[in-house]
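The primary structure of each chain is shown beneath.
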Amino acid sequence: MRRVGGGNATQPLAALLMKNLSMPVNCQSAEQILVRCGQWGPHHFHDGLLRRAGVTPHFSEEVEKAAEELAEAAAIDGALSADKNLENRVDLTHLKVFTIDDALTVEIDDGISVEALSDGRHRIWVHIADPSRLVQPGEA
């Protein structure tokens with residue numbers, strides 16, 4: 001990182017930028033600047049938060065294999081037979097869903113969509129992730 005002289009102290013250029021933008025001088029501000037400038041995607045920001053929290057962005061082979069098996073089962077069945085609430089669910093995969101989580105969320109799990117009805121009215125759908133549909137505590 002390039003350093004710039006200023007008075008009696010030498011400060012990193014990034015710190016000067018954060019101060020000029022009235023942002024706290026910390027890693028989160030640096031990541032926000034990179035996202036806003038288009039150098040990082042929005043998920044890079046979350047990856048940084050996860051890394052600082054000690055969470056690895058990679059999954060074990062066991063977890064990867066379990067996810068692949070679930071995806072294959074879904075592709076074959078269309079809907080997973082392991083879903084105990086299947087009769088209460090509606091397939092909305094034809095809708096375009098927009099996430100409504102805030103920019104600082106660590107998991108994107110809420111969305112909203114609009115469905116045009118045949119009579120000219122519109123139906124608003126709120127989508128909430130339900131990972132417990134497929135994965136129970138203690139499973140890979």
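The rules behind the values
Residues numbered from 1 in each chain as written. Predicted model: local features only at pLDDT ≥ 70, side-chain atom pairs only at ≥ 80, totals over all residues. Heavy atoms only, no water. 1 Å grid on protein atoms, 1.4 Å probe; cavity = no way out; pocket = protein on both sides within 12 Å on 5 of 7 lines; lining within 4 Å. Points joined across faces, edges and corners; volume = space filled by probe spheres on them. Helix = DSSP H or I, 4+ residues; strand = E, 2+ residues; numbered from the N terminus. Nonpolar A, V, L, I, M, F, W, Y, C, P; charged D, E, K, R; others polar. Pairing = 2+ DSSP bridges. Patch = residues over 30% accessible without salt bridge, like charges linked within 9 Å, V, L, I, M, F, W, Y side chains within 5 Å. Areas by Shrake-Rupley, 256 points an atom, 1.4 Å probe, with all protein chains shown as cover. Salt bridge = Lys/Arg side-chain N within 4 Å of Asp/Glu carboxyl O. Lys, Arg positive; Asp, Glu negative; His and termini not counted. Charge placed at Lys NZ, Arg CZ, Asp CG, Glu CD. Buried < 20%, exposed > 50% of the residue type's maximum accessible area, 1.4 Å probe, protein only.

- For the chain, the name recorded in an unreviewed UniProt entry is RNB domain-containing protein, with Cymbomonas tetramitiformis as its organism.

**Some remarks on the layout of surface pockets**
At step 1: As a volume, the largest pocket reaches approximately 800 Å³.
At step 2: If you go around the largest pocket, you meet 24 residues; those closest to its centre are Arg 89, Val 90, Thr 93, Ile 128 and Arg 133.
At step 3: Breaking the lining of the largest pocket down by element, the ones donating at least two residues are strand 4 (110-116) and strand 5 (122-128).
At step 4: Broken down by element, the residue count for the lining of the largest pocket peaks at four residues, all from strand 5.
At step 5: Per-class residue counts for the lining of the largest pocket are 12 nonpolar, six polar and six charged.

**What to know about the sheet that holds strand 5**
At step 1: The three strands lie next to each other as 3-4-5, forming an open sheet whose pairing is antiparallel. The open sheet has two edge strands with one neighbour each: strand 3 (98-99) and strand 5.
At step 2: For strand 3 and strand 4, the ladder comprises two bridges, and the chain directions are antiparallel. Bridge assignment links Thr 99 to a residue of strand 4, and that residue is Gly 111.

**Examining a negative patch on the surface**
At step 1: A cluster of acidic residues, Glu 61, Glu 64, Glu 68 and Glu 72, forms a negative patch on the protein surface.
At step 2: Mapped onto the secondary structure, Glu 61 falls in helix 4 (residues 61-77).
At step 3: Judged by relative accessible area, Glu 61 falls into the exposed class, the value being 74%.

**Overview of the pairing of strand 4**
At step 1: The alternating pattern of strand 4 places Gly 111, Ser 113 and Glu 115 on a buried face and Asp 110, Ile 112, Val 114 and Ala 116 on a face that is not buried.
At step 2: Here seven bridges tie strand 4 to strand 5, and the two strands are oriented antiparallel to one another. If you follow Ile 112 over to strand 5, its bridge partner there is Val 126.

**Some details on a nonpolar patch on the surface**
At step 1: Side chains of Phe 98, Ile 100, Ile 112, Val 114, Ile 124, Val 126 and Ile 128 sit close together on the surface and give an oily, nonpolar patch of about 690 Å² of accessible area.
At step 2: Only strand 4 and strand 5 provide two or more residues apiece to the nonpolar patch.
At step 3: Among the elements that line the nonpolar patch, the one with the most residues is strand 5, at three residues.
At step 4: Along the chain, the position of Phe 98 falls in strand 3.

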